[in-house]
Amino acid sequence: MKIATWNVNSIKARLPNILEWLHDSSPDVVLLQETKTVDEGFPAMEIGDMGYNIALHGQKTYNGVAILSKYPIEDVERGLPGNDDDDQARYIEALIASPDPIRVASIYVPMGTEVGSEKFAYKLNFLNWVITRFETIFASGEAAVMGGDYNITPDDDDVYDPEKLHETVLCSTIERKKLRTMMNIGYTDAFRTFNTAGHQYSWWDYRAGAWNKDNGLRIDHLLLTPAAADRLSASGIDRDPRAKEKASDHTPVWCLIDDA
DNA sequence: ATGGTAGTCTCACTA
């Protein structure tokens, strides 16, 4: 089963690119972030026609997450359990009812704007709720793929210019510690398992010719419970969508989960 | 300390 995560930066603006990518790469499950629309505005017919079931947790203008699946989608959870006061649509989780069922989540971690800012505090608080959820799912023992835009570079190897960006947002020690805490529960970074070379990115700023200079960051991740990691056979970053006209600033990260 | 670009019920805000 091929599972991918992609921050599309508006499902409406990106629809032709997304349909083309679904056709070309044929993922079984897609975890989308920054759909930027209420559920009524989601292009469900066009994507449904490609053979996908859809679960949505959208909002107007900002945020918005979704799960697409060629298999039935069950037990949909919208928002992080326990974090009920959060009105930002940044988390959706569900069970993919394939022959070997697998839990998935699409997570859009707040960017945080600047280290020490109010938005940065919101980011750290959000991450604490993610950690709590990760602990619960880990304890269940089930196979799970927690994918999304984490807005954190795990290491300096994941940064085009670590000196320039030292201790800035997306690269700070405090954020990386939160990500380490998640990993130390017992989750596996699917991409790193098969790609040990550094400086392979999933996001490039629209500005300053970042894509052409390969000035990117690796901030989109697929984190797997042991039961999922045991079945992991490949993972990669699909750079093609970032090179297209009207591209998102992020590109898909994918993994293959073998049958149990 | 600033600029660069893209998206959105826009002329401001978020990323």
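Going by the structure above, here's the rest.
Residues numbered from 1 in each chain as written. Chains lettered and ligands numbered in written order. Predicted model: local features only at pLDDT ≥ 70, side-chain atom pairs only at ≥ 80, totals over all residues. Heavy atoms only, no water.

Enquirer: Which residues make up helix H4 (residues 173-186), and what values do they have?
Expert: The terminal C-alpha atoms of H4, which comprises 14 residues, lie 20 Å apart, in line with the 20 Å expected from a rise of 1.5 Å per residue. Residues Glu-175, Arg-176, Leu-179, Met-182, Met-183 and Ile-185 constitute the buried set of H4. In this structure, the buried residues of H4 make contact with helix H3 (118-140), strand E9 (188-189) and strand E12 (220-224). (Helix = DSSP H or I, 4+ residues; strand = E, 2+ residues; numbered from the N terminus. Expected span 1.5 Å × (residues − 1). Buried < 20%, exposed > 50% of the residue type's maximum accessible area, 1.4 Å probe, protein only. Contact = heavy atoms within 4.5 Å.)

Enquirer: Give a description of the packing of aromatic side chains that names residues and reports values.
Expert: Counted under the stated rule, the structure contains four aromatic pairs. Here the aromatic rings of Trp-6 and Trp-21 are separated by 5.0 Å at their centres, their planes lie at 65 degrees, and the arrangement is edge-to-face. You can see Trp-6 sitting in strand E1 (residues 2-7) and its partner Trp-21 sitting in helix H1 (residues 15-25), a full 15 residues away along the chain. Taking the relative accessible area as the measure of exposure, Trp-21 reaches 6% and is therefore buried. Pairing Phe-134 with Tyr-187 gives two aromatic rings, centres 4.4 Å apart and planes at 35 degrees, and the pair type is tilted. Here Phe-134, found in helix H3, pairs with Tyr-187, found in the loop between H4 and E9; they are 53 residues apart in sequence, far enough to count as distant. For the pair Phe-134 and Tyr-187, a shared accessibility class is recorded, and that class is buried. (Phe/Tyr/Trp six-rings, centres within 6.5 Å; stacked < 30°, edge-to-face > 60°.)

Enquirer: So what about the pattern of salt bridges? Which residues, and what values?
Expert: Within this structure, the stated rule accounts for 11 salt bridges. Notably, a salt bridge pairs Lys-123 with Glu-175, separated by 2.5 Å at the nearest N-O pair. Of this pair, Lys-123 sits in helix H3 while Glu-175 sits in helix H4, and the two are 52 residues apart along the sequence. A single burial state applies to Lys-123 and to Glu-175, both of which are buried. With a closest N to O distance of 3.5 Å, Asp-214 and Arg-239 form a salt bridge. One end of the pair, Asp-214, is in the loop between strand E10 (203-204) and strand E11 (216-217); the other, Arg-239, is in the loop between strand E13 (232-237) and helix H7 (240-243), and 25 residues separate them in sequence. Residue class for Asp-214 comes out partly exposed when judged on its relative accessible area of 28%. A network of salt bridges, in which partner residues are shared, links Glu-93, Arg-103, Arg-133 and Glu-142. (Salt bridge = Lys/Arg side-chain N within 4 Å of Asp/Glu carboxyl O.)

Enquirer: An account of the nonpolar core is requested, with residue identities and associated values reported.
Expert: Ile-107, Phe-134, Met-146, Tyr-150, Met-182 and Leu-223 are the most contacted members of the largest nonpolar core, which totals 31 residues. It is H3 that provides the largest number of residues to this core, a total of eight residues. Not counting chain neighbours up to four residues away, the residues in contact with Met-146 comprise Tyr-91, Ala-105, Ile-107, Phe-134, Ile-137, Tyr-187, His-221, Leu-222 and Leu-223. In terms of nonpolar packing, the next biggest core, distinct from the first, is built from 25 residues, Val-29, Val-65, Leu-224 and Ile-237 among them. (Core = buried A, V, L, I, M, F, W, Y, C linked by side-chain atoms within 4.5 Å.)

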